[in-house]
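For reference, the chains in residue letters:
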Amino acid sequence: MAQINPSILSADFARLADEAEAVRGSDWLHVDVMDNHFVPNLTLGVPVVESLARATDIPLDLHLMIEDPDRWAPQYVEAGAGSVTFHVEAAAAPVRLAREIRAKGARASMALKPGTPIEPYEDLLPELDMVLIMTVEPGFGGQAFLDIMLPKIRRTRELIARHDLEVWLQVDGGVSAATIERCAEAGADVFVAGSAVYGAEDPAEAVRNLRELAGKASADAWWACGH
Ligand code: DX5
Ligand code: ZN
């Protein structure tokens, strides 16, 4: 089942509760935390996540684009996140961190920038609930989808299948009605969409449309057979 996670990076930050309401029916709300060090942009931190968690019933999918996630990620679980994604390029001890996120009660997820291969992290997969393959360079919304990431999505899905794991595979960056089917065919089952949802006249309708496109595209895909 395809999951659509609208990214509030493309929402109105002065009206976050309303913007969450505007995508009612979404599986998760994707929250991009940027620290102006790991990426050249700055967004929000723990206090905003705490407030947002109180303001919406939609579970929060935190994407931490920050240095030192080993130190900060557990605080986002305490702030109310249902899923916390750290970048493996920034993590000092990814296994320890994934275990800590899970022990605190959230889903643990590892993100890879476009230039980071999945293969060195094969042994980490059983420690994770989700892998995030970035399909743009992290830092900004509204960038063009990188087609060149499709083989990595496919190889990641193959590794998950080979180990018979229930790990979700998320894609983030440039996901829209024009690109979501290619991602789903390659093996993604969780789709982040910022501008494609909040740039639409009716964001909730955009979510439904994306979910339908992804669902159809993955229905016959090799990796989804039997799911
Ligand atoms: C980018 C963020 C994304 C961003 C995606 O670094 O991680 O979540 O919001 O935006 P779109 O869907 O517009 O590419
Ligand atoms: Zn993101």
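Residues numbered from 1 in each chain as written. Chains lettered and ligands numbered in written order. Predicted model: local features only at pLDDT ≥ 70, side-chain atom pairs only at ≥ 80, totals over all residues. Heavy atoms only, no water.

Draft legend 1. Structural context of the overall build of the chain. Along the backbone of the chain there are eight helices and eight strands. The C-alpha radius of gyration of the chain comes to 16 Å, within 12% of the 17 Å expected for a compact globule of 227 residues. Overall, the chain is about 40 × 40 × 30 Å in size when its C-alpha atoms are taken along their principal axes. Burial statistics for the chain: of 227 residues in total, 55% are counted as buried. A sequence separation of at least 24 residues applies to 63% of the contacts in the chain between residues at least 6 apart. Counting only carbon and sulfur atoms, one obtains 49% of the accessible surface of the chain, whose full area is about 9,800 Å². Taken together, the 19 basic and 35 acidic charged side chains of the chain have centroids lying 2 Å from each other. (Helix = DSSP H or I, 4+ residues; strand = E, 2+ residues; numbered from the N terminus. Rg over C-alpha atoms; globule rule 2.2 N^0.38 Å. Buried < 20%, exposed > 50% of the residue type's maximum accessible area, 1.4 Å probe, protein only. Contact = heavy atoms within 4.5 Å. Areas by Shrake-Rupley, 256 points an atom, 1.4 Å probe, with all protein chains shown as cover. Lys, Arg positive; Asp, Glu negative; His and termini not counted. Charge placed at Lys NZ, Arg CZ, Asp CG, Glu CD.)

Draft legend 2. The packing of aromatic side chains, seen in detail. A complete count under the given rule lists one aromatic pair for this structure. Ring centres of tryptophan 28 and tryptophan 168 lie 6.2 Å apart, and the angle between their planes is 75 degrees; on these two criteria the pair is classed as edge-to-face. On the criterion of sequence distance, the pair formed by tryptophan 28 in the loop between helix H1 (16-21) and strand S2 (29-34) and tryptophan 168 in strand S7 (residues 168-172) is long-range, its members being 140 residues apart. The lysine or arginine in question, arginine 107, covers the ring of tryptophan 168, its NZ or CZ lying 3.5 Å from the ring centre. The residue whose ring lies beneath lysine 113 is phenylalanine 38, and the NZ or CZ to ring-centre distance is 5.0 Å. (Phe/Tyr/Trp six-rings, centres within 6.5 Å; stacked < 30°, edge-to-face > 60°. Lys NZ or Arg CZ within 6 Å of the ring centre and 35° of its normal.)

Draft legend 3. Quick look at the sheet that holds S7. The eight strands lie next to each other as S1-S8-S7-S6-S5-S4-S3-S2, forming an open sheet whose pairing is parallel. Across the chains shown, the open sheet's two edge strands, defined by having one partner strand only, are strand S1 (3-6) and S2. Direction aside, the axes of adjacent strands within the sheet are offset by 25 degrees on average. Of the strands in this sheet, S2 and strand S3 (60-65) are in contact with helix H2 (residues 46-55), which crosses S3 at around 165 degrees. Across the face of the sheet, helix H5 (residues 150-162) comes into contact with strand S5 (107-112), strand S6 (130-134) and S7 while running at roughly 165 degrees to S7. (Pairing = 2+ DSSP bridges. Axes fitted to C-alpha atoms, helices over the stretch in contact; angles between N-to-C directions.)

Draft legend 4. Representation of the pairing of S2 in the model. Judged by how many residues are buried, S2 sits mostly within the fold: six of six residues are covered. Alternating positions in S2 separate into two faces, Leu29, Val31 and Val33 on one and His30, Asp32 and Met34 on the other, with burial throughout. Sheet topology places S2 next to S3; six bridges connect them, and they run parallel. Paired with methionine 34 across the two strands is methionine 65, which belongs to S3. Read as a crossover between parallel neighbours, the route from S2 over H2 to S3 is right-handed. (Right-handed = clockwise from strand over helix to strand, strands pointing away.)

Draft legend 5. Structural view of the coordination of the zinc ion (ligand 2). In this structure, His30 (NE2), Asp32 (OD), His63 (ND1) and Asp172 (OD) serve as the protein donors to the zinc ion (ligand 2), at separations of 2.1 to 2.3 Å. Viewed at the metal, the six donor atoms of the zinc ion (ligand 2) are separated by angles of 72 to 171 degrees, and the geometry they form is octahedral. The sequence pattern describing where the donors of the zinc ion (ligand 2) fall on their chain is H-x1-D-x30-H-x108-D. Within this pair, whereas aspartate 32 is found in strand S2, its partner histidine 63 is found in strand S3, the two being separated by 31 residues in sequence. Each member of the pair aspartate 32 and histidine 63 is classed as buried. (Donors = N, O, S within 2.8 Å, 3.2 Å for Na, K, Ca; no water. Tetrahedral: all angles 85-135°; square planar, octahedral: opposite > 155°, others 65-115°.)

Draft legend 6. Just the pattern of salt bridges, in detail. Taken as a whole, this structure holds 13 salt bridges when the rule is applied. Across the salt bridge formed by aspartate 12 and arginine 15, the nearest N and O atoms sit 3.6 Å from each other. Judged by relative accessible area, which is 39%, arginine 15 ranks as partly exposed. A salt bridge links arginine 15 to aspartate 18; the nearest nitrogen and oxygen atoms lie 3.7 Å apart. Look at the salt bridges and you will find they share partners, linking Asp12, Arg15, Asp18 and Glu19 into a network. (Salt bridge = Lys/Arg side-chain N within 4 Å of Asp/Glu carboxyl O.)

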